[in-house]
Each structure stands twice: as C-alpha cells, then as structure tokens.
Amino acid sequence: LGFVVLAYLVSLSQADRVILSLHVMFVFQFFSCLVVFLLAYNFARLAETTRSVVNVLLTINVLTIIYCGLQLTAGPGEHFVPLGIEQLAFNTNRDPHDPRLIGPFDNPGTTAEYFMMMTFVCAVELMYSEGRRRLLMQLLIGLNLLALVATANRAAFLVLLAMFPVLLLTFRRELGRM
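Residues numbered from 1 in each chain as written. Predicted model: local features only at pLDDT ≥ 70, side-chain atom pairs only at ≥ 80, totals over all residues. Heavy atoms only, no water.

Here we take up unusual backbone geometry. One non-glycine residue, Ala-152, lies in the positive phi region at around 55 degrees. Following the sequence through the fold, Ala-152 ends up in the loop between helix 5 (132-151) and helix 6 (154-170). On the basis of relative accessible area, Ala-152 is assigned to the partly exposed category, the value being 43%. (Helix = DSSP H or I, 4+ residues; strand = E, 2+ residues; numbered from the N terminus. Buried < 20%, exposed > 50% of the residue type's maximum accessible area, 1.4 Å probe, protein only.)

What follows is the structure, encoded as structure tokens:
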C-alpha cells in the first residue's frame, strides 16, 4: 500500500495543473476500491465455507442478469420504471445511438468484464456441482455469454477465449475425475 501511495505521489508531481483536480478523484476511487476489497476479504475470511462466498457471487450475478434483462426489454434511451415505482427507476444510461448493453456498471466495458469473470466463476462451480445446481450453472453460463455478446465488447470476449484453456489446464485433475 505504501508503494502505491509513493507511486501516486510521484505521478502527482509530474501532472499538469489542468488535470491536477482529477487526481483527487483518483485518490477517492482508489480508497473506495480498497474499502470494498477489505469488506469482501473480511467476508470471505469469516465465511464458514467457500460455498457461501460463491453463493453470494451467484446471487449478485442473477440480480445483475435480471437488471440487464429489464434494460434490454426497455430499449436504448428509455427511462424504465419497474412496477411503476419511481424509487426503482433505472438511470437513462443507454444512448439511443449506441444500443450496446450497459447494465448497472454505467459502461459496456465494465459490464462485459463482469460477465466474463462470472462465466469463469460459474464454470469452476459447474465442476463441483451436482443435480439442479449443475443445471443452474449451465443456465447462468449461457445467460452470461448472451449478456457478454449484448455488450458488444470484443476485448472481454477475446480474454474469455484466451483464458478458458488456462482454466482447463488449471483444473485438469478435477476434470479428469469426472
């Protein structure tokens, strides 16, 4: 952490005065991400089993897929109010001239990265699941891939294709037992 702060201060000394105010936002974003990381780390450390951590991730994935499904149903540029309740209103975050799926992350790139990572989480969980949970993992993988295609993000799709052999190589012993 100290090295990151030192690197930031060195970069701050090299910044132009025009963009100096942006560095304040970067500091805030860095520490907010650090707080989220610490919260997630403490939850994972205190959880009784790794299955409960995976269950939380999968629940968030289902909620994100529902959000994106509602956003796709509403169409680009529309102000969507679920069930007519104004407090549940979605932000108008899809530009009518750019109909890519944006999801709750405010840009298609971040949404695509999220669906790519959740595809890997579901694929690993698929190896250890049985019965209905296995069917749920297959469904979630399919929905994550559909949402990934809806973002029209090439980079996340290419990373998914490049990293899947690494995933298979990493879990080759587990796959050999199935």
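From this point, the narrative continues.
Between two aromatic rings, the relevant description is the distance of the centres plus the angle of the planes. The tally for this structure, following the rule as stated, stands at 4 aromatic pairs. A ring pair is formed by Phe-37 and Tyr-41, whose centres lie 6.2 Å apart and whose planes are at 25 degrees; its orientation type is stacked. Here the residue Phe-37 and the residue Tyr-41 both occupy positions in helix 2 (residues 20-46), the gap between them amounting to 4 residues, near one helical turn. The exposure class of Tyr-41 is partly exposed, given its relative accessible area of 46%. Among the aromatic residues, those joined into a ring-pair cluster are Phe-105, Tyr-114 and Phe-115. (Phe/Tyr/Trp six-rings, centres within 6.5 Å; stacked < 30°, edge-to-face > 60°.)

A word on the confidence of the model for the protein. Caution applies to low-pLDDT regions: their predicted coordinates should not be interpreted in detail. Per-residue pLDDT for the protein has a mean of 83; in total, 95% of the residues score no lower than 70. Element-level pLDDT for the protein is lowest in helix 7 (residues 172-176), with a mean of 74, against a maximum mean of 94 in helix 5. (pLDDT = per-residue confidence, 0-100.)

Here Ser-129 lies in the loop between helix 4 (108-128) and helix 5. According to the relative accessible area criterion, Ser-129 is buried, its value standing at 4%. At 2.6 Å, the side chain of Ser-129 and the backbone oxygen of Glu-125 are in polar contact. Leaving out residues up to four positions away in the same chain, Ser-129 has contacts with Arg-134 and Met-137. (Polar contact = N/O pair within 3.5 Å; in protein donor to acceptor, adjacent residues only side chain to side chain. Contact = heavy atoms within 4.5 Å.)

All told, the structure shown has 2 salt bridges when counted by the stated rule. Notably, a salt bridge pairs Arg-51 with Glu-125, separated by 3.2 Å at the nearest N-O pair. Residue Arg-51 is found in helix 3 (residues 50-74), and its partner Glu-125 is found in helix 4; the two are separated by 74 residues along the sequence. Given the relative accessible area of 6%, Glu-125 is considered buried. (Salt bridge = Lys/Arg side-chain N within 4 Å of Asp/Glu carboxyl O.)

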